[in-house]
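As a plain string of letters, each chain reads:
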Amino acid sequence: MKALVIAQLTFREGLRKKLVLGVVLLSLIFAALYVWGFHLFVQDWRAMEARRQAQGATTMLPYEVFASAMVLLGLWTVNFLAGVMTIFAAVGTIASEIEQGTLHGIVPKPIRRWEIVLGKWLGYAGMLAIYIGVMVAIVTTTAHFIGDYRPPNILQAYGLILLVALMLLSLTMLGSTLFSTVANGVIVFMLYGMAITGGLVEQIGTALDNDVLVRIGVIVSILVPSDSMWRLASYLVQPRIAVNFLGPNPFGTTVPPSSLAVWYSIGYMVVLLLLAMARFQRRDL
Amino acid sequence: MTSGTTPHRSGWAIETHGLRKVFGDRVAVADLSLTVGYGEVFGFLGPNGAGKTTAVKMLVGLIRPTAGSGLVLGRPLGDHRARRQIGYLPELFRFHDWLTGEELLDLHGQLYGLSRAERRRRIPEVLELVGLTEAARRRVRTYSKGMQQRIGIAQALLGSPRLVILDEPTSALDPLGRRDVRDLIRRLRDDGVTVFLNSHLLSEVEAICDRIAIVNRGRVIALGPMSSLLAGELVVEFRLGALPDGTLAALERVIQIDAVQHGERPVLVARAADEAAVAQAVDLLVRAGVPVYGVIPERRSLEDLFVQLVNEERSEPR
Ligand SMILES: Nc1ncnc2c1ncn2[C@@H]1O[C@H](COP(=O)(O)OP(=O)(O)OP(=O)(O)O)[C@@H](O)[C@H]1O
Ligand SMILES: [Mg+2]
């Protein structure tokens, strides 16, 4: 499979990108802060518990509600950074290579054009799978060893956060076959921002029981389903008691998207990738 | 050759019929029909903007023709099966310059489908061929422009192709590098490889090409074997003794006299239709008792032909 040659090249090239390195650096800072923050949280909690027990008061809420909120915060950040990383990494993958002319030496080789697109997709997907895996592992091991807390369904959450990144990857790559690097960056970041805002609007709609707001959120999540998949992940990774305690909120949801939504998102990822392949197939270089 | 997938379906290495490419309202290639035989070194010439690069890009499948069709190694344009046996050096080559020369060739070898063993054998060979053995482990980014062009040529030869398409392979090379490329192309021809060469260096083309096409404004204005295109008319300089009256008039009937330098030893510059006419003229002079000190044929250069053809077109109304 020639696509794997391109995948390997893309993976190596991705690691060299300054913006990607920037995100990795940011992630390391985040990880350090997260470990430290979790540690402070546990200390505070213990101090409070001790005080409360000394006063003979009963525990207001179980520990796991707060620990879960800490995990949720961590995963939300991972999800956000992964999205940014995806867009930074792939924004110019086709466009800037056409602009620079590096594709002129590749395309006339005995490789089909769609294999080039698929290879690039696989290369970035591998990079993202590793990145998200490491980050999720940092969050869960921190919760485990520092907070003595194990969030449920962490593998599903990992899969869904990866799905978010892969959808954005397909979207960014499709844009890259259609627009210049800069235009694509603007467009994809706008869509990504819109998805996040749409998710917030939906949560506000749920809290206020406002149908119009909820509907806006749903429409946005059909256009760009990234945020809805994150909310499903967040729903799964919290114990029910935490979900109920938090209610509608910026980081999660009380109404999880259905499995249909998951299939829709997977289809979205595949179809956009296929469109990118089809578009590149006919493009003059 | 490792893959024998391309049969001789057509008798030509390259064959195009009415290829046309329009960008917006700009016609880059108007109507290109040409054939390149197997084993030929073919020169593709034309002024800037004539459509040479556009034509080549259609041959290698980088852009789609607006109209027309073509076969390369017996396969339709853009068919990826022919590409195993095509080596191509793009005009504006930019490779993944964060790789070292060796890594870059390894990548391209993989794209050609060469096995690890083949790559291990072939990469040092082509590096040697283009004189980059020393620089193999340096990043391509640190190469000079000429070195980058050399690695581009190495990449084009990596798969031991049957057809090599070079779009201005020597534009950045020093005189030695140019000579190397010339020798390289000769060696390829000796191995039976077909070479399609875009170049502005007419003396170079003249030295190595068997056949040429000259294009202007996206159309072929001359096509044929180098020798017959350059043959055309002969320009001959005659160095003579004293000319009796009437000799010039008699000569005019056989050759066309362009210039006469009178004196003790007159010099004539004349144009003859062919070599027989020159012999006739000499015969006539000798019979008239004119001493003939020298008959110096001036070969018409490719440059003369190019300038003449392109200028003729320019003076024509569009
Ligand atoms: N992508 C493009 N979009 C618009 N016009 C183009 C494009 N590529 C080429 N052209 C136009 O097509 C014409 C032919 O260009 P081409 O590059 O084929 O010329 P060329 O013969 O290779 O010239 P040179 O000797 O300068 O390399 C030019 O007028 C050029 O401006
Ligand atoms: Mg050109």
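Residues numbered from 1 in each chain as written. Chains lettered and ligands numbered in written order. Predicted model: local features only at pLDDT ≥ 70, side-chain atom pairs only at ≥ 80, totals over all residues. Heavy atoms only, no water.

Peer 1: Just checking my understanding: could you explain the site of ligand 1 for this structure?
Peer 2: All names here are of chain B. Taken together, the neighbourhood of ligand 1 is formed by 14 residues, with Lys52, Thr53, Thr54, Glu91 and His200 sitting nearest. Residue Asn48 places a side-chain N or O atom 2.9 Å away from an oxygen atom belonging to ligand 1. Contact between ligand 1 and Lys52: an oxygen atom at 2.7 Å from a side-chain N or O atom of the residue. Relative to its unbound accessible surface of 630 Å², ligand 1 loses 66% to contact with the protein. Elements supplying a minimum of two residues to the shell around ligand 1: strand S2 (26–37) and helix H1 (52–59). If one sorts the elements of the shell around ligand 1 by residue count, H1 sits on top with three residues. (Near = heavy atom within 4 Å. Polar contact = N/O pair within 3.5 Å; in protein donor to acceptor, adjacent residues only side chain to side chain. Areas by Shrake-Rupley, 256 points an atom, 1.4 Å probe, with all protein chains shown as cover. Helix = DSSP H or I, 4+ residues; strand = E, 2+ residues; numbered from the N terminus.)

Peer 1: Please clarify how the pairing of strand S1 (residues 12–23) of chain B should be interpreted in this entry.
Peer 2: Residue and element names in this part refer to chain B. In terms of strand pairing, S1 meets S2 through eight bridges, oriented antiparallel. Directly across from Leu19, in S2, lies its bridge partner Leu32. If you look at the hairpin formed by S1 and S2, you'll find two residues sitting between the two strands, and Gly24 has a positive phi there, around 60 degrees. Across five bridges, S1 lies against strand S4 (residues 67–72) in antiparallel orientation. Bridge assignment links Arg20 to a residue of S4, and that residue is Ala67. (Pairing = 2+ DSSP bridges.)

Peer 1: In this structure, what is going on with the packing of helix H4 (residues 145–157) of chain B against helix H5 (residues 175–190) of chain B? I would like to understand it.
Peer 2: Two numbers describe a pair of packed helices, the interaxial angle and the distance between the axes. All names here are of chain B. One way to put it is that H4 packs onto H5 with a least axis distance of 12 Å and a crossing angle of 10 degrees. One way to sum up the angle between H4 and H5 is to call them roughly parallel. Along its contact with H4, which presents Arg150, Ile153 and Leu157, the element H5 presents Gly177, Asp180, Val181, Leu184 and Leu188. Tallied by class, the residues present in the contact of H4 with H5 amount to five nonpolar, one polar and two charged. (Axes fitted to C-alpha atoms, helices over the stretch in contact; angles between N-to-C directions. Parallel < 35°, antiparallel > 145°, perpendicular 65-115°, else oblique. Contact = heavy atoms within 4.5 Å. Nonpolar A, V, L, I, M, F, W, Y, C, P; charged D, E, K, R; others polar.)

Peer 1: How should the interface of chain A and chain B be read in this particular structure?
Peer 2: Interfaces are often sized by the accessible area lost when the parts come together. With 28 residues of chain A at the interface, the matching set in chain B holds 29 residues. When chain A packs against chain B, the two sides together hide about 2,700 Å² of surface, and 59% of this comes from carbon and sulfur. For the chain A face of the interface with chain B, the top three residues by lost area are Pro108(A), Lys109(A) and Pro110(A), together amounting to 22%. On inspection of chain A and its partner chain B, the count reaches two salt bridges. The salt bridge partner of Arg12(A) is Glu103(B), with a shortest N-O separation of 3.5 Å. The interface formed by chain A and chain B contains 15 residue pairs in polar contact (both at pLDDT 80 or more). Those elements that provide at least two residues to the side of chain A that touches chain B are helix H1 (2–16) and helix H4 (95–100) of chain A. The biggest single contributor to the side of chain A that touches chain B is H1(A), with eight residues. (Buried area = accessible area lost by both parts, 1.4 Å probe. Salt bridge = Lys/Arg side-chain N within 4 Å of Asp/Glu carboxyl O.)

Peer 1: Sorry if this is basic, but what is going on with the pattern of salt bridges here?
Peer 2: Should their charged atoms come close, side chains of opposite charge can pair. Inspection of the entire model under this criterion finds 21 salt bridges over all chains. When the shortest N-O distance is used, the salt bridge between Asp284(A) and Lys21(B) registers 2.5 Å. In this pair, Asp284(A) sits in the segment after helix H11 (259–281) while Lys21(B) sits in strand S1, so the two residues belong to two different chains. Take Lys21(B): its relative accessible area is 6%, and that puts it in the buried class. Of the charged contacts, one joins Asp183(B) and Arg186(B) as a salt bridge, the two residues approaching to 3.6 Å between their closest N and O atoms. With Asp183(B) and Arg186(B) both in helix H5, this residue pair falls three residues apart, about one helical turn. (Buried < 20%, exposed > 50% of the residue type's maximum accessible area, 1.4 Å probe, protein only.)

Peer 1: Help me out: how do you make sense of the domain arrangement of chain B in this one?
Peer 2: Entries for chain B in the domain assignment read domain 1 (12–224) and domain 2 (233–298). Computed over C-alpha atoms only, the centres of domain 1 of chain B and domain 2 of chain B are separated by 46 Å. (Domains from an automatic or database assignment.)

Peer 1: I keep staring at the coordination of the magnesium ion (ligand 2) and nothing clicks. Help me out?
Peer 2: All names here are of chain B. Bound to the magnesium ion (ligand 2) on the protein side are Thr53 (OG1) and Glu91 (OE), at distances that span 1.9 to 2.3 Å. You can see Thr53 sitting in helix H1 and its partner Glu91 sitting in the loop between strand S6 (86–89) and helix H2 (101–111), a full 38 residues away along the chain. Taking the relative accessible area as the measure of exposure, Glu91 reaches 28% and is therefore partly exposed. (Donors = N, O, S within 2.8 Å, 3.2 Å for Na, K, Ca; no water.)

Peer 1: What am I meant to see in the environment of Ile204(A) here?
Peer 2: Locating Ile204(A) in the fold gives a position in helix H7 (residues 181–208). The spatial distance from the C-alpha of Ile204(A) to the C-alpha of Val188(A) is 24 Å, given a sequence separation of 16 residues.

Peer 1: What is the right way to read the packing of aromatic side chains from this model?
Peer 2: As enumerated under the stated definition, the model contains 15 aromatic pairs over all chains in all. For the ring pair Phe38(A) and Phe41(A), a centre distance of 5.8 Å and an interplane angle of 80 degrees mean the geometry is edge-to-face. One end of the pair, Phe38(A), and the other, Phe41(A), are both in helix H2 (residues 18–55), three residues apart, so they sit about a helical turn from each other. Grouping aromatic residues by their ring pairs yields a cluster made of Phe30(A), Tyr34(A), Phe38(A), Phe41(A), Trp45(A), Tyr63(A), Phe66(A) and Phe245(A). For Arg265(B), the ring lying beneath its charged end belongs to Tyr293(B), and the centroid distance is 3.9 Å. (Phe/Tyr/Trp six-rings, centres within 6.5 Å; stacked < 30°, edge-to-face > 60°. Lys NZ or Arg CZ within 6 Å of the ring centre and 35° of its normal.)

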